[in-house]
Amino acid sequence: MSMMTNTLGRYFAGRFLVSAVGVFASIFVLLVLVDYIEMVRKTSGLASASAITVAQTSLYRVPQLLEKLMPFCVLIGAMTCYLALSRRLELVVARAAGVSAWQFIFPALASSIILGTLATVAYNPMSANLRELSKRMEAELFGSAPGGGIQDASGFWLNQITNDGQSIINAARSEQQGVRLTGLTLFRFGPGPKLEFEERIEAREATLEEGRWAFKSVRRYSLDKPPVDQDTYYLPTTLTPAQVRNSFSTPETVSFWQLPGYIRSSESSGFATAGYRLQYQKLIAQPFLLAAMVMLAASVSLGFFRMGGVQKMVLSGVGAGFLLYVLSKVTEDLSKAELMHPIAAAWLPVCVGGLTGFLALLYQEDG
């Protein structure tokens, strides 16, 4: 019986991995195609944008987006796996041989925890690095013209006050956690309480150096002078990389191995660290969240579907996953507003999903 269980365990684990990886790959290809079409639309007017560069940019952007969908990939993959096993009567034969539901769920649980661990320690740093590369390639594609356009009010905003006055910086794109910016519009105001407008500056890119911002490919506009073009322009600043990071970076763009350092630097600079702490705890909890998704999938897909009921199974599983996603977003917003501890916000969806699937399975199998 032990040999049979081990053989069945490897078989069930293999079937689950094939289904989960297949769903992941399918969604990846779909997202790449959609993003590539959108990038082609945006770069249609750029003569320097080649098809290979646009495709590479889309390919580098998608992994970080797909990381958020990984729990749903595991959920759909697990439901697909158990539905296929049920249609082939393999689950019925396994039960007739004395194998309980808990025994053929355990291989999928162990596999999901391994997948989640790999996603945290390997996939997350890779997706963060690829996102930085995609930002650099986007800057090369869209940053050929000086300035990001004053009509564009989106992007990243930064306000700094020095002895020379106040400066408001708008950047279309951010790289290296805000140390390098592209597509810039700078508004300078004079010193004093009146904040008299002095000039507007547009630049292709800017880099934070020690004690200053270094702008390149600059065009300066003032009220009483014609526009002036300059190769470089230096703006004094008292900002540090840690302060800039707090304004321009998001916790999702920081890899798992860098998050502890970011948390310590933000704390030492007096900035809020709730977002970084929440992201760190979510990455730690990710393996167990994937296991909770397997429990939810098993609770709705271990029935006998020869007489129908597949639609109900699919809707139940998708609905459970959606409710869990809503719960995670609510706890995430509460944590970022510092109304809930990051540990509680990250682990509450895991506990709710895991306990819901466990209780449903316990009722179905032993109730």
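Residues numbered from 1 in each chain as written. Predicted model: local features only at pLDDT ≥ 70, side-chain atom pairs only at ≥ 80, totals over all residues. Heavy atoms only, no water.

**Concerning the packing of aromatic side chains**
Think of a pair of aromatic rings as described by two things: how far the centres are apart, and how the planes are tilted against each other in angle.
Link 1 in the chain: What the rule picks out here adds up to 8 aromatic pairs.
Link 2 in the chain: With 5.9 Å between their ring centres and 80° between their planes, phenylalanine 24 and tyrosine 123 make a pair best called edge-to-face. In this pair, phenylalanine 24 sits in helix H1 (residues 2-42) while tyrosine 123 sits in helix H5 (residues 101-142), placing the two residues 99 residues apart along the sequence.
Link 3 in the chain: Look at tyrosine 123 and you get buried, because its relative accessible area is 14%.
Link 4 in the chain: Between the aromatic rings of phenylalanine 256 and tyrosine 280, the centroid separation amounts to 5.4 Å while the plane-to-plane angle is 15°, which identifies the pairing as stacked. Here the residue phenylalanine 256 occupies a position in the loop between helix H6 (241-248) and helix H7 (259-268), and tyrosine 280 occupies one in helix H8 (residues 274-301), the gap between them amounting to 24 residues.
Link 5 in the chain: What makes phenylalanine 256 buried here is its relative accessible area of 11%.
Link 6 in the chain: By relative accessible area, tyrosine 280 is classed as partly exposed at 24%. (Phe/Tyr/Trp six-rings, centres within 6.5 Å; stacked < 30°, edge-to-face > 60°. Helix = DSSP H or I, 4+ residues; strand = E, 2+ residues; numbered from the N terminus. Buried < 20%, exposed > 50% of the residue type's maximum accessible area, 1.4 Å probe, protein only.)

**Here's the deal with a nonpolar patch on the surface**
Link 1 in the chain: Residues Phe322, Leu323, Tyr325, Val326, Val330, Leu334 and Leu339 make up a contiguous nonpolar surface patch of roughly 670 Å² in combined accessible area.
Link 2 in the chain: Within the secondary structure, leucine 339 is located in the loop between helix H9 (310-336) and helix H10 (342-366). (Patch = residues over 30% accessible without salt bridge, like charges linked within 9 Å, V, L, I, M, F, W, Y side chains within 5 Å. Areas by Shrake-Rupley, 256 points an atom, 1.4 Å probe, with all protein chains shown as cover. Salt bridge = Lys/Arg side-chain N within 4 Å of Asp/Glu carboxyl O.)

**Section: H8**
In an α-helix, one turn spans 3.6 residues; hence positions three or four apart end up facing the same way.
Link 1 in the chain: Relative to the 40 Å expected for 28 residues at 1.5 Å per residue, H8 spans 37 Å between its end C-alpha atoms, a close match to the ideal helical length.
Link 2 in the chain: At glutamine 286, H8 shows its maximal bend, which comes to roughly 50°, and the proline proline 287 appears one to four places after that position. (Expected span 1.5 Å × (residues − 1). Bend = angle between axes of the 7 residues up to and from the residue.)

**Regarding the pattern of salt bridges**
Link 1 in the chain: Counted under the stated rule, the structure contains 13 salt bridges.
Link 2 in the chain: Across the pair glutamate 38 and arginine 41 runs a salt bridge, and its minimum N-O distance is 2.5 Å. You can see glutamate 38 and its partner arginine 41 sitting in helix H1, 3 residues apart, about one turn around the helix.
Link 3 in the chain: By relative accessible area, which is 32% here, glutamate 38 ends up partly exposed.
Link 4 in the chain: Of the charged contacts in the structure, one is a salt bridge between glutamate 202 and arginine 200, with a shortest N-O distance of 2.6 Å.
Link 5 in the chain: On the basis of relative accessibility, which here comes to 16%, the residue arginine 200 falls in the buried class.
Link 6 in the chain: Through salt bridges with shared partners, one network takes in Arg188, Glu198, Glu199 and Arg220.

**Observations regarding the confidence of the model for the chain**
One rule of thumb: low pLDDT means the predicted coordinates there are not for detailed reading.
Link 1 in the chain: Put simply, the chain has an average pLDDT of 81, and 88% of its residues get 70 or more.
Link 2 in the chain: In this model, residues 144-153 is a region of pLDDT below 50 whose contacts with residues beyond four sequence positions or in other chains number 23 contacts. (pLDDT = per-residue confidence, 0-100. Contact = heavy atoms within 4.5 Å.)

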